[in-house]
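Letter by letter, the chains look like this.
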Amino acid sequence: MNIIYFDNNATTQVDPIVLEAMLPYLQEYYGNPSSMHSFGGQVSKAIQAARSQLASLLGAEDSEIVFTSCGTEGNNTAIRAALAAQPDRDRIITTQVEHACVLNVCKQLEKQGYTVTYLSVDRHGQIDLTELEAALTGSTALVTTMYANNETGVVFPIEEIGALAKSYGAAFHVDAVQAVGKLPLNLKTSTIDLLTLSGHKLHAPKGVGALYVRRGFRFRPLLLGGHQERGRRAGTENVAGIVALGKAAELAQQHFQSTTLEQQLRDRLEQGLLATISDCQVNGHPTQRLPNTTNIGFKYIEGEAILLSLNQYGVCASSGSACTSGSLEPSHVLRAMGIPYTILHGSIRFSLSRYTTAAEVDRVLELMPPIIERLRAISPFNSDRADWLQDREEALASK
Amino acid sequence: MWDYTDKVLDLFYNPKNQGAIAPCEEPGIAVVFGEVGSIACGDALRLHLQIDIASDKILDARFQTFGCTSAIASSSALTELIKGLTLDAALHVTNKEIADYLGGLPEAKMHCSVMGQEALEAAIYKYRGIEIEHHEEDEGALICACYGVSENKIRRVAIENNLTTVEQVTSYVKAGGGCSSCAAAIEDVLTDLYKEAKTLAAEIALREAIPQPPLTIVQKITLIQRVLDEEVRPVLMADGGDVELYDVEGNTVKVVLKGACGSCSSSTATLKIAVEARLQERVLPTLVVEAI
Ligand code: FES
């Protein structure tokens with residue numbers, strides 16, 4: 001069965017050109033980049049080349065790039081580095097809809113005595129800058145927010161956030177894992193001090209990422225050991241991964257224009273679903289959104305059942321709902337947006353890539369209506385638009 | 001990734017007995033439905049039964065389910081299991097039988113089978129006019145706010161399914177699967193259960209070892225109540241029944257049989273085997289149990 005892949009916010013296919021670029025570093029060029037001999041030296045040069053490729057995509061300087069293993073490592077490092085650099089400040093500001101690798105670090109920091117403000121979001125998933133400003137004080141050490149949300153694709157106004165953070169002397173970290181390669185970045189003229197990205201979200205393999213650290217930013221490393229990455233991230237480099245990330249960054253830059261095409265396909269999918277299926281809605285901001293992401297809630301049914309039905313036809317999508325994620329809790333992002341439970345549990349995320357084709361979109365448009373219809377026919381809520389349901393929803397809301 | 005058996009997938013893609021049963025005017029036939037679950041949990045089941053009043057048999061069973069793959073498959077399995085059974089026999093169907101019928105469920109999805117069993121009870125109790133709230137756990141303290149699960153429910157399911165860890169409780173009744181701030185409280189409930197079982201065993205051993213001075217009437221009643229609550233009721237509840245202490249006169253213990261036990265043809269046997277023998281063994285060999 002052909003796979004129709006609409007789960008690119010989870011991970012992406014490795015671009016064949018990227019694969020080709022990295023293979024020699026798994027085969028003939030296996031030297032250690034830290035070695036003195038020229039066999040290792042060649043490898044070290046490849047890392048430098050990748051650094052430049054990535055810096056160029058970000059509008060950064062080579063020396064500002066620190067290679068890491070993934071987005072989680074980048075976010076953990078950035079948050080701890082920023083706090084260690086300002087021991088006299090004990091406040092952190094973030095949002096309710098961050099990725100777990102930011103939220104869980106913040107929760108732990110709270111236990112260690114930090115005060116964390118979790119900014120709320122409105123029903124479109126957008127934060128309120130006045131709430132941010134009200135939360136900022138002279139003891140705010142760090143503002144850490146995403147650039148774009150992984151579940152809904154909602155894009156935060158990072159430069160405005162950064163400007164406010166700066167006016168209180170706070171460090172500004174951006175988790176740009178979902179945004180890099182999809183949204184423009186020019187770190188030279190930006191307010192961002194630290195920025196995280198992950199290779200496998202932009203057609204490099206898993207297990208490689210990078211952290212941008214603004215030149216002059218006081219930095220305390222998380223991993224201690226050798227002098228790799230100028231002492232900012234010890235550990236022998238994942239050379240093939242780094243080479244791949246460099247190549248992927250170069251391709252992302254070349255393909256930047258094609259995100260318009262991706263967006264057209266996304267819109268076609270979104271509008272098609274809204275037009276052919278009743279009782280559904282887009283969860284997210286109508287315009288401030290990643291070009292490749294749509295999160296749609298289908299009332300009266302549950303997401304896992306939709307996903308498994310799609311899976312039968314080789315269609316891969318994702319659900320923010322409880323059942324698929326292993327945890328039983330429904331998506332914290334959709335909950336923070338105040339999405340009613342009737343829709344929340346039946347929400348599906350489709351995330352496209354530059355490989356997505358119109359034919360694939362059309363196939364999903366053809367598959368979805370009968371799937372939704374079948375599951376709704378099973379649901380007790382659909383049959384009577386139940387008072388049962390209304391009552392409970394109201395009871396929950398009044399809790 | 002989903003780790004479902006072929007049977008689960010088959011009943012998800014081709015569910016049997018899906019839908020509602022229309023109300024029926026025919027004499028001798030009753031139609032009733034029971035519902036459980038909540039929107040917040042993301043699982044809800046409405047089970048419809050068509051009952052032959054004279055024989056107390058389930059003529060038809062259908063379901064409507066809001067939920068994941070295993071919730072839909074469990075509901076379908078349940079309807080298959082209970083069709084043709086008498087209501088008393090149906091009340092004996094456990095969540096484990098539902099899971100077994102499906103060739104097993106991933107542990108994290110066991111709550112789907114529990115939901116099936118509860119919907120069945122809800123429907124039958126409704127038909128019999130038994131207030132579910134009184135049988136059910138709503139009275140107990142709420143342990144998990146995320147999923148609205150009470151202490152009594154955790155106790156009941158833990159006893160029935162031999163659960164010993166918080167993770168297992170989460171898999172069976174969802175409690176603890178949300179914000180997980182109730183994990184410590186669940187742990188406490190389990191520890192208590194374990195402790196109770198142990199102290200009870202120790203007390204019994206002690207009583208058997210040393211000749212006891214005669215019990216005062218207060219001691220006797222307290223002990224009877226305790227044995228009923230901790231040893232007898234969980235067993236009866238597992239079968240959809242229940243018992244309540246009504247009075248103690250001398251050595252005669254008067255009880256009210258409830259739920260499935262109340263109308264069960266074998267209730268005399270239940271009374272003698274499950275209740276009287278147990279009380280004789282644990283409290284006083286001369287006790288006689290009577291149902292009122
Ligand atoms: S209170 Fe139990 S999981 Fe939140």
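Residues numbered from 1 in each chain as written. Chains lettered and ligands numbered in written order. Predicted model: local features only at pLDDT ≥ 70, side-chain atom pairs only at ≥ 80, totals over all residues. Heavy atoms only, no water.

### Quick notes on the overall build of chain B
Along the backbone of chain B there are twelve helices and eight strands. The C-alpha radius of gyration of chain B comes to 21 Å, within 12% of the 19 Å expected for a compact globule of 292 residues. In terms of its C-alpha atoms, chain B occupies a principal-axis envelope of roughly 65 × 50 × 30 Å. Looking at the 292 residues of chain B, the share that counts as buried comes to 50%. When contacts within chain B are restricted to residue pairs at least 6 apart in sequence, those whose partners lie at least 24 apart make up 59%. If you sum the accessible surface of chain B, you get close to 12700 Å²; carbon and sulfur atoms cover 55% of it. (Helix = DSSP H or I, 4+ residues; strand = E, 2+ residues; numbered from the N terminus. Rg over C-alpha atoms; globule rule 2.2 N^0.38 Å. Buried < 20%, exposed > 50% of the residue type's maximum accessible area, 1.4 Å probe, protein only. Contact = heavy atoms within 4.5 Å. Areas by Shrake-Rupley, 256 points an atom, 1.4 Å probe, with all protein chains shown as cover.)

### Comments concerning the pairing of strand E7 (residues 252-258) of chain B
Residues and elements named next belong to chain B. One ladder, built from seven bridges, connects strand E6 (residues 241-249) with E7; its direction is antiparallel. By the bridge assignment for E7, Val243 is matched with Leu257. Once E6 ends, the chain turns through two residues before running back antiparallel as E7, passing Gly250 with a positive phi of about 55°. With four bridges joining them, E7 and strand E8 (residues 288-291) adopt parallel strand pairing. (Pairing = 2+ DSSP bridges.)

### Observations regarding the sheet that holds E7 of chain B
Residues and elements named next belong to chain B. Spatially, three strands are ordered E6-E7-E8 in an open sheet, and the strand pairing comes out mixed. Strand pairing shows two members of the sheet lacking a second neighbour, E6 and E8, which therefore form its edges. Between one strand axis and the next, the sheet turns through 30° on average, direction left out of account. Strand contacts of helix H10 (residues 217-238): E6 and E7, with the helix running at about 165° to E6, the strand carrying the most contacts. (Axes fitted to C-alpha atoms, helices over the stretch in contact; angles between N-to-C directions.)

### A look at the domain arrangement of chain B
All names here are of chain B. For chain B, the domain assignment lists domain 1 (1-133), domain 2 (135-210) and domain 3 (217-291). Summarising the inter-unit geometry, the C-alpha centres of domain 1 and domain 2 are found 25 Å apart. Summing the contributions of domain 1 and of domain 2, the shared interface buries around 1400 Å²; its carbon and sulfur component is 44%. Note that Lys153 and Glu118 form a salt bridge whose closest N and O atoms lie 3.0 Å from each other. Connecting domain 1 to domain 2 are seven residue pairs in polar contact (both at pLDDT 80 or more). (Domains from an automatic or database assignment. Buried area = accessible area lost by both parts, 1.4 Å probe. Salt bridge = Lys/Arg side-chain N within 4 Å of Asp/Glu carboxyl O. Polar contact = N/O pair within 3.5 Å; in protein donor to acceptor, adjacent residues only side chain to side chain.)

### Details of the interface of chain A and chain B
Taken together, the contact between chain A and chain B spans 35 residues of the former and 37 residues of the latter. Buried area between chain A and chain B, summed over both chains or domains, comes out near 2800 Å², and the portion from carbon and sulfur atoms is 63%. Scanning the region where chain A abuts chain B turns up one salt bridge. Between Glu304 of chain A and Lys109 of chain B there is a salt bridge, and its shortest N-O distance comes to 2.8 Å. Put simply, chain A and chain B have eight residue pairs in polar contact (both at pLDDT 80 or more) between them. Secondary-structure elements contributing two or more residues to the side of chain A that touches chain B are helix H9 (303-311), helix H10 (322-325), helix H12 (341-344), helix H13 (358-378), helix H14 (380-384) and helix H15 (387-397) of chain A. By residue number, the principal contributor to the side of chain A that touches chain B is H9 of chain A, which donates six residues. When its residues are assigned to classes, the side of chain A that touches chain B shows 18 nonpolar, nine polar and eight charged. (Nonpolar A, V, L, I, M, F, W, Y, C, P; charged D, E, K, R; others polar.)

### A look at the sheet that holds strand E9 (residues 280-282) of chain A
All names here are of chain A. One open sheet accounts for four strands, arranged E9-E10-E13-E12; its pairing is antiparallel. The sheet is open, and its two edges are formed by E9 and strand E12 (318-319), each paired on a single side. Pairing of strand E10 (residues 293-298) with strand E13 (residues 347-351), which is carried by five bridges, proceeds in the antiparallel orientation. Looking at the pairing, Ile296 lines up with Ile348 of E13. Along the sheet, helix H8 (residues 259-276) contacts E9, E10 and E13; its crossing angle with E10, the most-contacted strand, is approximately 10°.

### A closer look at the packing of helix H7 (residues 151-161) of chain B against helix H8 (residues 166-173) of chain B
Residue and element names in this part refer to chain B. Look at H7 against H8: their axes get within 10 Å of each other, and the N-to-C directions meet at 100°. Judged by the inter-axis angle, H7 sits roughly perpendicular to H8. Across the interface between the two elements, Lys153, Ile154, Val157 and Asn161 from H7 touch Val169, Tyr172 and Val173 from H8. (Parallel < 35°, antiparallel > 145°, perpendicular 65-115°, else oblique.)

### Comments concerning the environment of Ala49 of chain A
As for its position among the elements, Ala49 of chain A is in helix H2 (residues 38-58). Residues Ala49 of chain A and Gly246 of chain A, spaced 197 residues apart in sequence, show a C-alpha to C-alpha distance of 7.3 Å.

### So, the pattern of salt bridges
Residue and element names in this part refer to chain B. Inspection of every chain in the model, using the stated rule, returns 34 salt bridges over all chains. A salt bridge links Asp60 to Lys83; the nearest nitrogen and oxygen atoms lie 4.0 Å apart. Here Asp60 is found in strand E3 (residues 57-66), whereas its partner Lys83 is found in the loop between helix H2 (69-82) and helix H3 (87-91), with 23 residues between them in sequence. Judged by relative accessible area, which is 16%, Asp60 ranks as buried.

### Digging into the nonpolar core
Phe298, Ile306, Phe350 and Met368 of chain A together with Leu49 and Ile82 of chain B are the most contacted members of the largest nonpolar core, which totals 85 residues. In contact with Phe298 of chain A, not counting residues within four places along its chain, are Ile277, Asp279, Cys280, Ile306, Thr342, Ile343, Gly346, Ile348, Met368, Ile372 and Arg376 of chain A. Counting residues in each nonpolar core, the second largest holds 75 residues, with Tyr25, Ile161 and Val180 of chain A together with Ala44 of chain B among its members. (Core = buried A, V, L, I, M, F, W, Y, C linked by side-chain atoms within 4.5 Å.)

### Let's talk about the domain arrangement of chain A
Many descriptions give the size of an interface as the accessible area lost when the pieces come together. Residue and element names in this part refer to chain A. Segmenting chain A into domains produces domain 1 (4-10 + 256-397) and domain 2 (16-254). The C-alpha centroid of domain 2 is placed 29 Å from the C-alpha centroid of domain 1. Contact with domain 1, which involves 28 residues of that partner, is made by 32 residues of domain 2. Summing both sides of the interface, domain 1 and domain 2 together bury roughly 2400 Å²; the carbon and sulfur share of this comes to 55%. Along the contact surface separating domain 1 from domain 2 lie zero salt bridges. The interface formed by domain 1 and domain 2 holds 15 residue pairs in polar contact (both at pLDDT 80 or more) in total. Of all the secondary structure elements, the ones that give two or more residues to the side of domain 1 that touches domain 2 are E10 and helix H11 (332-336). For the side of domain 1 that touches domain 2, the element with the highest residue contribution is H11, accounting for four residues.

### Digging into the side chain of Arg232 of chain A
All names here are of chain A. Mapped onto the fold, Arg232 is located in the loop between strand E8 (209-213) and helix H7 (239-254). Buried and unpaired, Arg232 has no salt bridge, with Glu229 as the nearest side chain of opposite charge at 6.6 Å. Not counting residues within four places of it along the chain, the set of residues in contact with Arg232 comprises Ser63, Glu64, Ile65, Val66, Val213, Phe219 and Pro221. (Lys, Arg positive; Asp, Glu negative; His and termini not counted.)

### Focus on the packing of aromatic side chains
All told, the structure shown has four aromatic pairs over all chains when counted by the stated rule. Relative to Phe350 of chain A, the ring of Phe6 of chain A lies with its centre 6.0 Å away and its plane at 90°, an arrangement referred to as edge-to-face. With a gap of 344 residues between them, Phe6 of chain A in the loop between strand E1 (4-5) and helix H1 (16-22) and Phe350 of chain A in strand E13 connect regions that are remote in the sequence. Each member of the pair, Phe6 of chain A as well as Phe350 of chain A, carries the same accessibility label: buried. A centroid spacing of 5.1 Å and a plane angle of 55° characterise the contact between Phe12 of chain B and Tyr13 of chain B, whose relative ring orientation is tilted. Take Phe12 of chain B: its relative accessible area is 0%, and that puts it in the buried class. Above the ring of Phe33 of chain B, the side-chain terminus of Arg46 of chain B is found at 4.9 Å from the ring centroid. (Phe/Tyr/Trp six-rings, centres within 6.5 Å; stacked < 30°, edge-to-face > 60°. Lys NZ or Arg CZ within 6 Å of the ring centre and 35° of its normal.)

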